[in-house]
Amino acid sequence: HQMNNGDKDQTDPNSGIFWKIKMGRVTLGQKWLDRIEEILPISLNFYNHFIWETLKHTPMDEYTLKLKLKNLPANLQYLIFEGNDTQEEIALEEHHLQSIKALNSLDGLGLLYLLHLLGRYIGSIKLTNDTASSINQMFENLSKFQGLERAHLLLFDELSKRVYQIKFIGYNKPLKIFFP
């Protein structure tokens, strides 16, 4: 028997949900949320995560991005505003990125994506490239999380389209390098 529409089983009413979402054929209403909660209870934690909102409504400037960073959970804010109660200045060094990556969680991935955007907006090639590399390295470990079994494909696909490293050809011709 041949599978169509993203290899979904036509006889199972719950199958193909992530394919349907990706193709824009369904918005998760309460009926779908209840069904998903019943089948994979932990998966709604991932569905309600801030990274999805960030992907839907990507901050388009440095100011909006900093507002988003200030509204992160306190444990993530501490990693980037270390010791700075006013949250006006982001103090980042390579060891901060390593600490964020060591979280090995969707929180860490979301924060790295926001920092990747920040690197692009402020023109920091090093921050842009280091966060892109860290995001790419986190994919394999995160794909093993219970409840993220199929959703990670959509998430990683979306991130892969938006995250890149920058290299220069000559003096001023930037080349964007996307991860495979």
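These remarks concern the structure in this document. This one's a predicted model, so the numbers in the text were calculated from it and none came from an experiment. (Residues numbered from 1 in each chain as written. Predicted model: local features only at pLDDT ≥ 70, side-chain atom pairs only at ≥ 80, totals over all residues. Heavy atoms only, no water.)

## Here's the deal with the overall build of the protein chain
Thinking step 1. Along its length, the protein chain carries 10 helices and two strands.
Thinking step 2. Written out in order from the N terminus, the α and β elements of the protein chain read α-α-α-α-α-α-α-α-α-α-β-β.
Thinking step 3. In the protein chain, the share of contacts with a sequence separation of at least 24, taken over all contacts with a separation of at least 6, comes to 53%.
Thinking step 4. Approximately 10,800 Å² of the protein chain is accessible, and the part contributed by carbon and sulfur atoms is 52%. (Helix = DSSP H or I, 4+ residues; strand = E, 2+ residues; numbered from the N terminus. Contact = heavy atoms within 4.5 Å. Areas by Shrake-Rupley, 256 points an atom, 1.4 Å probe, with all protein chains shown as cover.)

## Notes on the pattern of salt bridges
Thinking step 1. Taken as a whole and judged by the stated rule, the model has six salt bridges.
Thinking step 2. For lysine 126, the salt bridge goes to aspartate 130, with nearest N and O atoms at 3.0 Å. Here aspartate 130 and lysine 126 lie together in helix H9 (residues 125–142), a separation of four residues that amounts to about one turn.
Thinking step 3. Since its relative accessible area comes to 53%, lysine 126 is described here as exposed.
Thinking step 4. A relative accessible area of 23% means that aspartate 130 is categorised as partly exposed.
Thinking step 5. Here glutamate 158 ties to lysine 161 by a salt bridge, and the two come within 3.6 Å at their closest N and O atoms. Here the residue glutamate 158 and the residue lysine 161 both occupy positions in helix H10 (residues 151–162), the gap between them amounting to three residues, near one helical turn.
Thinking step 6. Through salt bridges with shared partners, one network takes in Asp157, Glu158, Lys161 and Arg162. (Salt bridge = Lys/Arg side-chain N within 4 Å of Asp/Glu carboxyl O. Buried < 20%, exposed > 50% of the residue type's maximum accessible area, 1.4 Å probe, protein only.)

## Details of unusual backbone geometry
Thinking step 1. Its identity is not glycine, yet asparagine 104 carries a phi of approximately 50°, on the positive side.
Thinking step 2. When you line up the elements, asparagine 104 lands in the loop between helix H7 (94–102) and helix H8 (106–122).

## Things to note about the side chain of glutamine 77
Thinking step 1. Assignment of secondary structure puts glutamine 77 in helix H6 (residues 74–80).
Thinking step 2. Within the local environment of glutamine 77, its side chain forms a polar contact with the backbone oxygen of leucine 72, the two atoms lying 2.7 Å apart. (Polar contact = N/O pair within 3.5 Å; in protein donor to acceptor, adjacent residues only side chain to side chain.)

## Re H8
Thinking step 1. Here H8 spans 24 Å end to end across 17 residues, near enough to the 24 Å set by a 1.5 Å rise per residue.
Thinking step 2. Extensive coverage of H8 is indicated by the burial of 13 of its 17 residues.
Thinking step 3. If you check the start of H8, you find a side-chain oxygen 3.3 Å away from the backbone N of aspartate 107, and it comes from serine 105.
Thinking step 4. Looking one or two residues past H8, glycine 123 carries a phi angle of roughly 80°, positive in sign. (Expected span 1.5 Å × (residues − 1).)

Don't take any of this as a statement about function, it's just geometry.
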